[in-house]
Amino acid sequence: MPGRVSHGSRIAVLLAVLAVIAAVVTIDAASKQKSKPAQQSATSSYRPTDPSLYAGNDVCAACHDSQTQSYNHGPHWKTLLEKGRGPEWQGCEACHGPGKAHAESGGDVSKIISFPKLSSPDASRRCLDCHEFGEEHSNFLRSEHQKNNVGCVDCHSIHAPKVERRLLKASQPQLCYGCHLEVKPDFSRPFHHRVNEGLVQCSNCHNQHGGFLTTQLRSTAAQDQGCFTCHTDKAGPYAFEHAPIKTEGCVSCHSPHGSANPRLLRRSNINLLCLECHTLTVDSPAPGIPSFHNQAQKYQACTTCHVAIHGSNSDHFFFKP
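Reading guide: rules and limits
- Residues numbered from 1 in each chain as written.
- Predicted model: local features only at pLDDT ≥ 70, side-chain atom pairs only at ≥ 80, totals over all residues.
- Heavy atoms only, no water.
- Helix = DSSP H or I, 4+ residues; strand = E, 2+ residues; numbered from the N terminus.
- Buried < 20%, exposed > 50% of the residue type's maximum accessible area, 1.4 Å probe, protein only.
- Contact = heavy atoms within 4.5 Å.
- Polar contact = N/O pair within 3.5 Å; in protein donor to acceptor, adjacent residues only side chain to side chain.
- Salt bridge = Lys/Arg side-chain N within 4 Å of Asp/Glu carboxyl O.
- Expected span 1.5 Å × (residues − 1).
- Core = buried A, V, L, I, M, F, W, Y, C linked by side-chain atoms within 4.5 Å.
- Phe/Tyr/Trp six-rings, centres within 6.5 Å; stacked < 30°, edge-to-face > 60°.
- Lys NZ or Arg CZ within 6 Å of the ring centre and 35° of its normal.
- Disulfide = S-S within 2.5 Å.

Draft legend 1. Broad picture of the overall build of the protein chain. Across its full length, the protein chain holds twelve helices and four strands. Per-residue burial over the protein chain gives 24% buried out of 321 residues. Looking at the protein chain alone, contacts between residues at least 24 apart form 45% of all its contacts between residues at least 6 apart.

Draft legend 2. Focus on the side chain of Asn 57. Mapped onto the fold, Asn 57 is located in helix H2 (residues 57-63). For Asn 57, a relative accessible area of 17% puts it in the buried group. For Asn 57, the side chain forms a polar contact with the main-chain nitrogen of Cys 92, separated by 2.9 Å. When near neighbours in sequence (up to four residues on either side) are disregarded, Asn 57 contacts Tyr 71, Leu 80, Gly 91 and Cys 92.

Draft legend 3. Fine view of the pattern of salt bridges. Inspection of the entire model under this criterion finds seven salt bridges. The shortest N-O distance in the salt bridge between Arg 267 and Glu 276 comes to 2.7 Å. In this structure Glu 276 comes out as partly exposed when scored by relative accessible area, which is 44%.

Draft legend 4. Examining helix H6 (residues 120-131) more closely. Here H6 is twelve residues long and its end C-alpha atoms lie 16 Å apart, about the 16 Å a rise of 1.5 Å per residue gives. Residues of H6 that are buried include every one of Ser 120, Ala 123, Ser 124, Arg 126, Leu 128 and Asp 129, and no others.

Draft legend 5. Quick look at the nonpolar core. Counting residues in each nonpolar core, the largest one holds five residues, listed as Tyr 177, Val 183, Phe 187, Val 195 and Cys 202. Those residues within four positions of Cys 202 in sequence are excluded, and the remaining contacts are Gln 172, Pro 173, Cys 176 and Val 195.

Draft legend 6. Up close: the packing of aromatic side chains. In this structure the tally under the stated criterion is three aromatic pairs. Relative to Tyr 299, the ring of Phe 292 lies with its centre 6.1 Å away and its plane at 65°, an arrangement referred to as edge-to-face. The exposure class of Tyr 299 is partly exposed, given its relative accessible area of 21%. Taking 5.8 Å as the distance between ring centres and 40° as the angle between the ring planes, the aromatic pair formed by Phe 317 and Phe 319 counts as tilted. According to the relative accessible area criterion, Phe 319 is partly exposed, its value standing at 32%. If you follow Arg 47 out to its NZ or CZ, it ends over the ring of Trp 89, 4.2 Å from the centre. Here Arg 85 stacks its cationic end above the ring of Trp 89, 4.1 Å away from the centre of that ring.

Draft legend 7. Region of the structure containing the environment of Leu 168. You can see Leu 168 is positioned in the loop between helix H8 (152-155) and helix H9 (174-177). C-alpha separation for the pair Leu 168 and Cys 152, spaced 16 residues apart in sequence, amounts to 9.9 Å. With sequence-adjacent residues up to four places away left out, Leu 168 is seen in contact with Cys 155, His 156, Pro 161, Lys 162, Val 163 and Leu 175.

Draft legend 8. Spatial organisation of the state of the cysteines. Scanning the model with the defined rule gives zero disulfides in all. Sulfur of Cys 127: no disulfide; nearest cysteine sulfur belongs to Cys 152 and is 4.1 Å away. Residue classification places Cys 127 among the partly exposed positions, given a relative accessible area of 23%. Cysteine Cys 305 remains unbridged, with the sulfur of Cys 302 as its closest cysteine sulfur at 8.9 Å.

Draft legend 9. Structural detail: the environment of Asp 108. Tracing the sequence through the fold places Asp 108 in the loop between helix H5 (100-104) and H6. Asp 108 gets classed as partly exposed once you look at its relative accessible area, which sits at 28%. Reaching out from Asp 108, the side chain makes a polar contact with the side chain of Ser 110 at a distance of 2.8 Å.

Draft legend 10. Highlighting unusual backbone geometry. Residue Gln 172 is joined to Pro 173 through a cis peptide bond whose omega torsion reads 5°. Mapping Pro 173 onto the fold places it in the loop between H8 and H9. Look at the link from Gly 236 to Pro 237: it is a cis peptide, with omega at 10°. Within the secondary structure, Pro 237 is located in the loop between helix H10 (202-205) and strand E2 (240-241). Even without a glycine there, the phi angle at Asn 149 is positive, about 65°. Inspection of the secondary structure puts Asn 149 in the loop between helix H7 (144-147) and H8. Positive phi, normally seen in glycine, also occurs at Phe 318, with a value near 65°. Structurally, the position occupied by Phe 318 is in the segment after strand E4 (311-312).

Structure, rendered in structure tokens:
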């Protein structure tokens, strides 16, 4: 009958479709196979694996005596113990690249990787080849330092560190003050975290290698604010939470670096600080103060009554239990 397709025609069409699919899969596999050598060559050109290109640490030490001594006193000599990896991951040449051509040319600096000549991202990339998988460094590529062209060698020195631990160019906080001068005066205020005294370090609160919180702040194991690492009595959890602690954090009331006010408060009068939220306005989620709180001297010290201001397990007004 006209318009009907025979069973044999259907089989022929199906076989044709299968042939086209097979051809596409074959072409795709071939293209991927061709791209593999290119990817491998790009990797090998960055960190060549040919052992004949490497001279070894003894050859480096023949000319670079002072650098060798500092290298042997630091942590990087341990790369020589990694016998399961190739020479491209061991000794001086793990950082500076293959050095045989450099040695045979009498010290031609164009035939070796010199970090002062590298851009900040390129220098950091070589460091991260080994250090990127640690918890401390895993977020460096998304850190504020990286975004502002501050790399590993801006803070660390392999061969001439002033602080042997972590190979720092200077001790904290002076190293941080080199860029962050805006916070230096805060630590000279009457009430401050004792950073200049050496009891607290910038890196205790901030992860200089990057993080997920603003200003690269650290967090506790429970993913709470880093303040609770020291101020554990304020951590809770509480049955009645003070909302700013969960929304804005401790900095909603306290200046973390330093303040002219006791307890690092942002305002000299406690009631002025509280009234920033507890003022009856149309769009304020915080309740206004009761009418009998006339803000005379008697009611200016809010925490005289609301003593559990960080949170309470017994009273939603944060009164004393």
